[in-house]
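A structural walkthrough
Spelled out from the first residue to the last, the chains are:
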Amino acid sequence: MPTHAELAAKLLVDAATFFRTLGEQNEQLRDQMMENAGIFDQMAGLLTQDPGGEMNDTSYGELAGKLLKDAANFFRSLAQNNEPIREQMNENADVYTQIADLVTQNPVGILD
């Protein structure tokens, strides 16, 4: 069974991929989406390498949780304005929020 950190890292990489795809399709958002993707990929790498690590007195779990919640909010925002993907984006947001809470509380915990 994967740890909360492993699940969070996977979701961070998935979000990075989503941001890159969105940036490739929208020139106005490209720079911001590529920057977001880089940050999410970097956090996924740090979390994978050292789930109990810290940066500036903040645990990687807390930082990853914040990024996952940011992604969830972004997905919810997209859902509001786009009926065809509304249900999927809201479901994604719920999963990201759940894993964010878990990784923040206990990065090395196992999902029951």
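Located above this text is the structure these notes cover.
So, here's what we can say about the structure. (Residues numbered from 1 in each chain as written. Predicted model: local features only at pLDDT ≥ 70, side-chain atom pairs only at ≥ 80, totals over all residues. Heavy atoms only, no water.)

1. Overview of the packing of helix α1 (residues 4-25) against helix α3 (residues 60-80)
Here is the rule we go by: Where helices are involved, their axes are fitted lines through C-alpha atoms of the stretch in contact, as for all axes, and angles between N-to-C directions lie from 0 to 180°. Only DSSP runs of H or I with at least four residues qualify as helices, and only runs of E with at least two residues qualify as strands; both kinds are numbered from the N terminus onward. Here the angle decides the label: under 35 degrees means roughly parallel, over 145 means roughly antiparallel, 65 to 115 means roughly perpendicular, and every other value means oblique. For any helix crossing, the convention is left-handed if the near helix is rotated counterclockwise from the far helix by under a right angle, and right-handed if that rotation is clockwise. When checking whether two residues touch, look at their non-hydrogen atoms; a contact exists if any pair is within 4.5 Å. Basically, the charged four are Asp, Glu, Lys and Arg, the nonpolar ten are Ala, Val, Leu, Ile, Met, Phe, Trp, Tyr, Cys and Pro, and anything else, Gly included, counts as polar.
Where α1 contacts α3, the two axes come as close as 10 Å, and the packing angle between them is 45°. Taken together, the axes of α1 and α3 are oblique relative to one another. For α1 against α3, the interelement crossing comes out left-handed. For the pair formed by α1 and α3, the contact residues are Ala-8, Leu-11, Leu-12, Ala-15, Phe-18, Phe-19 and Leu-22 on the first element and Ala-64, Leu-67, Leu-68, Ala-71, Phe-74, Phe-75 and Leu-78 on the second. For the contact of α1 with α3, the per-class residue count stands at 14 nonpolar, no polar and no charged.

2. Some points on the nonpolar core
This is how the line gets drawn: Working definition of a nonpolar core: buried Ala, Val, Leu, Ile, Met, Phe, Trp, Tyr and Cys residues. They are joined through side-chain atoms within 4.5 Å. Three labels apply to residues, based on accessible area from a 1.4 Å probe with only protein chains included: buried if under 20% of the type maximum, exposed if over 50%, partly exposed otherwise in between.
Counting residues in each nonpolar core, the largest one holds 30 residues, and the members touching the most others are Leu-12, Phe-40, Leu-47, Leu-68 and Tyr-96. At the level of elements, α1, α2 (30-49), α3 and α4 (86-105) are the ones that each hand at least two residues to this core. Among the elements that line this core, the one with the most residues is α1, at 9 residues.

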